[in-house]
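Here are the chains, one letter per residue:
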Amino acid sequence: MTQQEITITRPDDWHLHVRDGEALKAVVPHTAAQFGRAIIMPNLKPPVTTAAQAVAYRERIQAAVPKGMAFQPLMTLYLTDNLPADEIRRAKDAGVVAVKLYPAGATTNSDAGVTDLRKTCKTLEAMQREGLPLLVHGEVTSPEIDLFDREAVFIETQLVPLRRDFPELKIVVEHITTREAAQYVRAANRFTAATITAHHLLYNRNALFLGGIRPHYYCLPVLKREAHRVALVEAATGGNPKFFLGTDSAPHAAHLKEHACGCAGCYTAPAAMELYAEAFDQADALDKLEGFASFHGADFYGLPRNSGTVTLRREAWTLPETFAYGDALLKPLRGGELLSWSLS
Ligand code: DOR
Ligand code: ZN
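Colleague: Go over the overall build of the protein, please, and point to the residues and values.
Modeller: In terms of regular secondary structure, the protein is built from 11 helices and 13 strands. Over its C-alpha atoms the protein spans a radius of gyration of 19 Å, differing by no more than 12% from the 20 Å that the globule rule assigns to 344 residues. Based on the C-alpha atoms only, the size of the protein along its principal axes is roughly 55 × 45 × 40 Å. Considering the protein as a whole, with its 344 residues, one finds that 58% of them fall into the buried category. A separation threshold of at least 6 residues defines the contact pool for the protein, and within that pool the share at least 24 residues apart is 72%. Roughly 14,000 Å² of accessible area belongs to the protein as shown, and the carbon and sulfur atoms make up 51% of that amount.

Laid out in structure tokens, this is it:
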């Protein structure tokens, strides 16, 4: 008989963008309604590069959590060519849980990112020593490399040497999009893991061009071919603890996505668990959702698993087409469409 509902331990989102100011107030309640904790990306303008900035940002996020909801933001620092190694100790003491690597120019607000990994050696050594994970946006930025090949080339030219030079540095390859990345992580040592978004499990690159250009399906790393999507579903639903949930929910005002030069990022926070349930259900693997969403990430980060549960029901509902976003509008992925699972 078709499974009608599933109850799992309260999940966490191990990769999330909440921005700042009015935008932050608009999006934090969506995530707090779904997840116990979330890893907050530091790509603000200017980026979060000190422990003190991370602590102040955490307070702004906590202030946006609706009364009565228990939600814990987990903070990260933004790696630059000159993030001092001694900031790592201060960050750890302040409760920062990881450092994010954006190759300079790879994506939204990555201008201050790393131009050459060799410049960050001392800082990476400190992270390895302190057990602070490096979260990697795994794409090369060279204009001569085809956009669809940038993740695979990054693994070969950057990640393999990095792994060799820092064998016990915890590394999370964020939002993997290719068969190559799934294979790399599966074969790598136990200090290596990966997050996978709901949209990369549900869609291939055709979604970007279905009957016309579809900016709300545009994110980085960009959606890939069907064979890659299938490989990601296998990774996510295979029960391997190296793979866990990270939505990469990345809000941008609708008019900046529906633009001649539209921003990268899919806003999935309002229905994140419903979208993951759909992907796991399609793969006939609902029994693997709890490990992926609620256990593997916490275990990798060395944090306690959440207590409490959430229930997903097979019950169709229509996701609102827009949400207020300061003075602008925010359009979630699948907004205005029917979703087959609902979270209570
Ligand atoms: O699509 C994306 N949007 N990819 C990223 O890496 C950054 C994110 C954002 O901040 O908008
Ligand atoms: Zn991201």
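Colleague: How would you explain the state of the cysteines if you had to name every residue and give the values?
Modeller: The tally for this structure, following the rule as stated, stands at 0 disulfides. Free cysteine cysteine 261: the closest other cysteine sulfur is in cysteine 263, separated by 7.5 Å.

Colleague: Lay out the coordination of the zinc ion (ligand 2) in plain terms, naming residues and giving numbers.
Modeller: Protein coordination of the zinc ion (ligand 2) is provided by His15 (NE2), His17 (NE2) and Asp248 (OD), with donor distances spanning 2.1 Å. Read in sequence order, the donor residues for the zinc ion (ligand 2) give the motif H-x1-H-x230-D. For histidine 15, a relative accessible area of 0% corresponds to the buried category.

About the thresholds
Residues numbered from 1 in each chain as written. Chains lettered and ligands numbered in written order. Predicted model: local features only at pLDDT ≥ 70, side-chain atom pairs only at ≥ 80, totals over all residues. Heavy atoms only, no water. Helix = DSSP H or I, 4+ residues; strand = E, 2+ residues; numbered from the N terminus. Rg over C-alpha atoms; globule rule 2.2 N^0.38 Å. Buried < 20%, exposed > 50% of the residue type's maximum accessible area, 1.4 Å probe, protein only. Contact = heavy atoms within 4.5 Å. Areas by Shrake-Rupley, 256 points an atom, 1.4 Å probe, with all protein chains shown as cover. Disulfide = S-S within 2.5 Å. Donors = N, O, S within 2.8 Å, 3.2 Å for Na, K, Ca; no water.

Shape is all these values report; function is a separate question.
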